[in-house]
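Reading the structure
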Amino acid sequence: MADQPLLELNDLSVTFATPAGPVRAVKGLSLAVAPGRALGVVGESGSGKSVSMKAVMDLLPRSAQIDGEILFAGENVRAMSKDRMKHFHGVDIGMVFQNPMTSLNPVKRIGEQLTEGMRFHQGLSKTAANARAVELLDLVRLPKPDERIRQYPHELSGGMRQRVVIAMALANDPKLLIADEPTTALDVTVQREILDLLDTLREELNMAMILITHDLGVVSDRTDEVVVMFRGDTMETVETSQLFDDDRHSYTVSLRDAMPDITQSRDDNLEVAAEDAGRHADIPHLRDPEKAIIRVENLVVDYPAGRGVFRAVDRVSFDVYPGETLGIVGESGCGKSTTAKSIIRMPPPTSGRIWYEGTDLSSLSAEELRRKRADLQMIFQDPISSLNPRRSVWDIVREGVEIWGTSGVWSDARLVELLEQVGIDPKYRDRKPFEFSGGQCQRISIARALALDPKVLISDEPVSALDVSVQAQILELLDELKEQHALTMLFISHDLAVVRNIANRVMVMYFGRVVELGSTDAIFENAQHPYTRHLLSAVPGLEALGGLDSIAGGASSDGSWLDSERSAGQRSEEVPALVQCGPDHWVAEQ
Amino acid sequence: MPETPSNPTATPAANIGGITTDLGSNALSPPEEGTTTEVSVARRLGLGFWLSVGWLVLVVALALLAPVLTLERGEARQNPDRSVFVLPHPEDTAVAGRLDGPSPGLWFGSDNTGRDVLSLTIWGSRISLLVGFVAIVIGFLVGGSLGIIAGYFRGWFDKVVSFVFTILLSFPALILAILITTLLGKTFLWISVSLGILAIAPVGRLARAQTLVFAEREFVAAARVLGAKDSRIILRELLPNVVIPMSALALLGMGIAIVAEGTLAFLGISTADGLSWGKQIFESGSNARTLETGPHAALFPIVVVFLTVLSLNFAGDRLREVFDAKELAF
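Residues numbered from 1 in each chain as written. Chains lettered and ligands numbered in written order. Predicted model: local features only at pLDDT ≥ 70, side-chain atom pairs only at ≥ 80, totals over all residues. Heavy atoms only, no water.

1. Considerations on the overall build of chain B
- Secondary structure summary: chain B contains twelve helices and zero strands in total.
- Order of helices (α) and strands (β) in chain B, N terminus to C terminus: α-α-α-α-α-α-α-α-α-α-α-α.
- Relative to its full complement of 330 residues, chain B shows a buried share of 45%.
- Within chain B, contacts between residues separated by at least 24 positions form 64% of all contacts whose residues are at least 6 apart in sequence.
- For chain B, the exposed surface amounts to about 16,100 Å²; the carbon and sulfur share of it is 68%. (Helix = DSSP H or I, 4+ residues; strand = E, 2+ residues; numbered from the N terminus. Buried < 20%, exposed > 50% of the residue type's maximum accessible area, 1.4 Å probe, protein only. Contact = heavy atoms within 4.5 Å. Areas by Shrake-Rupley, 256 points an atom, 1.4 Å probe, with all protein chains shown as cover.)

2. A look at the overall build of chain A
- Across its full length, chain A holds 22 helices and 22 strands.
- Taking 2.2 N^0.38 as the reference for a compact globule, 590 residues should give roughly 25 Å; the C-alpha atoms of chain A span a radius of gyration of 26 Å, in line with that estimate.
- Dimensions of chain A along its principal axes, counting C-alpha atoms only, are 75 × 60 × 50 Å.
- Within chain A, the proportion of its 590 residues that are buried is 56%.
- The long-range fraction of contacts in chain A, counting pairs at least 24 apart against all pairs at least 6 apart in sequence, stands at 70%. (Rg over C-alpha atoms; globule rule 2.2 N^0.38 Å.)

3. Thoughts on the pairing of strand β9 (residues 225-230) of chain A
Residues and elements named next belong to chain A.
- Along β9, six of the six residues are buried, which leaves the element largely enclosed by surrounding structure.
- Across the two faces of β9 the burial is the same, with E225, V227 and M229 and V226, V228 and F230 all buried.
- Note that strand β3 (residues 38-42) and β9 share four bridges and pair parallel. For G40, the partnering residue across the bridge sits in β9 and is V226.
- In this sheet, strand β10 (residues 233-239) lies alongside β9 in antiparallel orientation, the contact comprising six bridges. Note on β10: the bridge partner recorded for V228 is E236.
- If you look at the hairpin formed by β9 and β10, you'll find two residues sitting between the two strands, and R231 has a positive phi there, around 45°. (Pairing = 2+ DSSP bridges.)

4. Some details on the sheet that holds strand β11 (residues 294-305) of chain A
Residue and element names in this part refer to chain A.
- Taken in spatial order, the four strands of this open sheet run β12-β11-β14-β15, and their pairing is antiparallel. The open sheet is flanked by β12 (308-320) and β15 (359-360), the only strands paired with a single partner.
- As paired elements, strand β14 (residues 351-356) and β15 share two bridges and run antiparallel to each other. Of the residues in β15, the one forming a bridge with Y356 is T359.

5. As for the pattern of salt bridges
- In the structure shown here, the tally under the stated rule is 41 salt bridges over all chains.
- Linking A:K341 and A:D460 is a salt bridge whose minimum nitrogen-to-oxygen distance equals 3.5 Å. One end of the pair, A:K341, is in helix α12 (residues 336-341); the other, A:D460, is in strand β17 (residues 456-460), and 119 residues separate them in sequence.
- With relative accessibility at 23%, the residue A:K341 sits in the partly exposed group.
- Linked by salt bridges that have partners in common, A:R391, A:R398, A:E399, A:E402, A:D412, B:R232, B:R236 and B:E237 make up one network. (Salt bridge = Lys/Arg side-chain N within 4 Å of Asp/Glu carboxyl O.)

6. Regarding unusual backbone geometry
Residues and elements named next belong to chain A.
- Note the cis peptide between M346 and P347, where omega equals 10°.
- Within the fold, P347 resides in the loop between α12 and β14.
- Here the phi dihedral of A73 falls at roughly 50°; this positive angle occurs in a residue that is not glycine.
- With respect to the element layout, A73 can be found in the loop between β4 (64-72) and β5 (75-76).
- Unusually for a residue other than glycine, K144 sits at a positive phi of about 50°.
- Here K144 lies in the loop between α4 (126-139) and α5 (145-148).

7. Quick word on helix α13 (residues 366-373) of chain A
- For α13(A), every residue scored as buried is listed here: A:L369, A:R370 and A:R373. One side of α13(A) carries all its buried residues, which in axial view fall inside an arc of 105°.
- Buried-residue contacts for α13(A) involve β16 (376-379) and α14 (393-404) of chain A together with α8 (218-226) of chain B. (Arc of directions from axis to C-beta.)

8. Examining the environment of A:R161
All names here are of chain A.
- Mapped onto the elements, R161 comes out in helix α6 (residues 158-170).
- On a C-alpha basis, the gap between R161 and C441 in space is 32 Å, while along the polypeptide they are 280 residues apart.
- Once you skip the residues sitting within four places of it in the chain, R161 turns out to touch P100, M101, L104, P153, H154 and L156.
- Within the local environment of R161, its side chain forms a polar contact with the backbone oxygen of P153, the two atoms lying 3.0 Å apart. (Polar contact = N/O pair within 3.5 Å; in protein donor to acceptor, adjacent residues only side chain to side chain.)

9. As for the state of the cysteines
- One pass over the full model with this rule turns up zero disulfides over all chains.
- For A:C581, which is in no disulfide, the shortest distance to another cysteine sulfur is to A:C334 and amounts to 20 Å. (Disulfide = S-S within 2.5 Å.)

10. Some points on helix α16 (residues 438-450) of chain A
- In this model α16(A) runs 19 Å from its N-terminal to its C-terminal C-alpha over 13 residues, within 8% of the 18 Å that 1.5 Å per residue would give.
- Along α16(A), twelve of the 13 residues are buried, which leaves the element largely enclosed by surrounding structure.
- Residues A:G439, A:Q440, A:C441, A:Q442, A:R443, A:I444, A:S445, A:I446, A:A447, A:R448, A:A449 and A:L450 constitute the buried set of α16(A).
- Lining the buried residues of α16(A) we find β16, α14, α15 (412-421), β17 and α17 (468-484) of chain A together with α8 of chain B. (Expected span 1.5 Å × (residues − 1).)

11. Considerations on the packing of aromatic side chains
Residue and element names in this part refer to chain A.
- Scanning the entire structure with this criterion turns up nine aromatic pairs over all chains.
- On the basis of an interplanar angle of 75° and a centroid distance of 6.1 Å, the ring pair of Y510 and F511 is categorised as edge-to-face.
- Classification of F511 by relative accessible area gives partly exposed; the value is 29%.
- Chaining the aromatic ring pairs together yields one cluster made of Y510, F511 and Y531.
- Here R295 stacks its cationic end above the ring of W355, 5.8 Å away from the centre of that ring.
- Of note, R429 hangs over the ring of W394, and the distance from its end group to the ring centre comes to 4.1 Å. (Phe/Tyr/Trp six-rings, centres within 6.5 Å; stacked < 30°, edge-to-face > 60°. Lys NZ or Arg CZ within 6 Å of the ring centre and 35° of its normal.)

12. Topic: the sheet that holds strand β18 (residues 488-493) of chain A
Residue and element names in this part refer to chain A.
- Across the sheet, which stays open at both edges, the eight strands sit in the order β16-β17-β18-β13-β19-β20-β22-β21 with mixed pairing between neighbours. Of all strands in the sheet, those bounded by a partner on one side alone are β16 and β21 (578-582). Here the strands of the sheet are splayed against their neighbours by 20° on average, with no regard to which way each runs.
- In terms of strand pairing, β16 meets β17 through four bridges, oriented parallel. Its bridge partner lying in β17, I379 is registered against S459. (Axes fitted to C-alpha atoms, helices over the stretch in contact; angles between N-to-C directions.)

13. Side note on the packing of α14(A) against α16(A)
All names here are of chain A.
- Where α14 contacts α16, the two axes come as close as 7 Å, and the packing angle between them is 30°. Here α14 lies roughly parallel to α16, going by the angle between them. Each of V393, I396 and V397 in α14 lies in contact with α16, whose residues at this interface are I444, A447 and R448. (Parallel < 35°, antiparallel > 145°, perpendicular 65-115°, else oblique.)

Remember that the coordinates give geometry; whether it matters functionally is a separate question.
Following this line, the structure appears as structure tokens:
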């Protein structure tokens, strides 16, 4: 680092006064970032990574007590006058927040929001500010910028909105850009585009950047130096190139190990015991549909949209075999959740047929369906929203038993056992959900689903809302329980690495249709469809992990298929047929 | 999620460096004993809340005890030396002079016809409080259930119910109350019913809105997947969540009903079969001469109504604030 650091934190501490006494959210954080450099701040929730940056931005509530030194280009930030502070926030630093939906004002046009700050801080005229706004939108690679400034946020996609937020942060030529989880709410392919954009802009404008994230993969691709935080403490500060070395701090190593590894096939990863090895061979293949536990044929789900309908799922067919885990992957809006949930008729399919153990579910009466459905249980993405805040853990887990009568499958003793199995100490059974952490709530949710002894478990993004270490625990728990309870699992996720770790077979969906279906190894090591390749290539941190064979050739991971598909604007009338291209590998015709 | 430093259970148990390996042992970090939310709910409700509750308890207790505290009709004139806690019958005239001011033994003074204002006020509270209570019960039973059912099932039923609510809200409230009481009788029952009908729409709309919010939550979907029937989902999953903001509204609504009863009394619509605060204020307060010579006769019941309604509002607001905050934190 030849340059004088632009932002320097020396022994920064933040303490919150709470009714339970003071809580130190950040303890003695020191870091420095020079112009043109990118610094990553990594940690799980509660690590203090966001709080420390909010301290820099003076965005903390009054109850927070800040100690230590914050220097910006040698100037003490905490001693700044009010006016200097305004300039510091508005001009010297740009900030990009996690959620582009909430960081834009929904009732103001893009142009207005962009020009507001410029007119205030730079005193530009309306026309000059507008011209600059167009320039900025062009800078963040938003197509047709002169049309965009007249649009409202809801007219743009999530990725486009995040570009607008970045443009706003850049409006006054900041010297430092602080990005707080800028891509966490975005799809993986969009994430790559946004991170690429931030990289390019940093070089073009010679800005310093601080990237706050929970994702080691993201920092490993995009930063020069990384600060690892845990519960307010700084674990270590390390050059990014050495992040994956062996002699790292034990917390960094455990964080690294908890990351699902996309380059390793499932068996290597989970170190499945020898007796399990035979299990995969037992899974019958598509050639024998008689053995399927679930058969889906020509499934269509329409949602009402305006005057017409939006076809969320378009003529999808697949089978699920007893004992396997079928991963369903794709980006948001591709219909992966809808497909899985329509098996339990939430929502009911518009057309198409679904068989469960040979019974056509659409032929059942409401009452018969209700009884069948006890076999098909589900766990949800948001562990907090999926538990009733007014009921105790015990009531929640007992609910199924109560519905189906106490004479049913589980006695109280077995419910206690079930709680122990999912890792919740039964002595806390009278507590309410808000007294538990997110990971614990997800465990309770799993216990509730298993209480009915289901045969099929539909898991809708069960780990997306959790920290990476908790994520690893829940995945391992799911895998264990799958064995113990002889479950068949449908595992929906946008996270390819997670799917590689847990699924036996994978179905890739794009825009309501299946583009590729096959064994997990076939999909990850020999992806055939350009969309699958595109998805795989967007996974952050791939290079640090040594890359994937399937995209190492990189022949068509450039997204040209996607571009032509997007520019067509709508789907072809015909659903491309799935063609077999391997022993357990099907791909859609292009 | 942003950091939640105030919640000690927000982060999972993990020793540095041991994060992924503690799966073998079963129980994760136990939630700590006595989290802040439990310890101090009573304290966080604040002194104002408890003062309000104290006042309401006093008013209700006096209303309930009125028959015990009061002498038979006519007895008061025979025993002019009463102890402090014995009241003359409210309808006994000339227990004191006309519009006598407050004095020991006659705390609130006397009214135009020499009746004891304190006794009148306590007896009046019986009808006023009951009208408020019955009105809000009607509003809750009818409006609350309609609102929850409409919010849960949506569809045509929701459309019809919402339309009815809108009509009820746009109908001039006083005219509706006058219409009902004139047609069916100026009795305690019909006054309560007409105020109850007026409470249906606001209560129902809140119930519907709250139901919409909670019906979106995944725990409702989870219950359905478990096989819960609609009735169970409404009663066991939704109702406990909807009832909290509703209970705050109940207190506010009771205050409004009490004031409305007073307004009706001022228009000459009050219980022909008993005393009420509204009727008492109307009798003493609508005559300019009486107001000039003995303002206390109207002032005391007005102050009591004011304090009671204020307490109801304040207690309701505080309850909502504290429980909403708890929800938010969760």
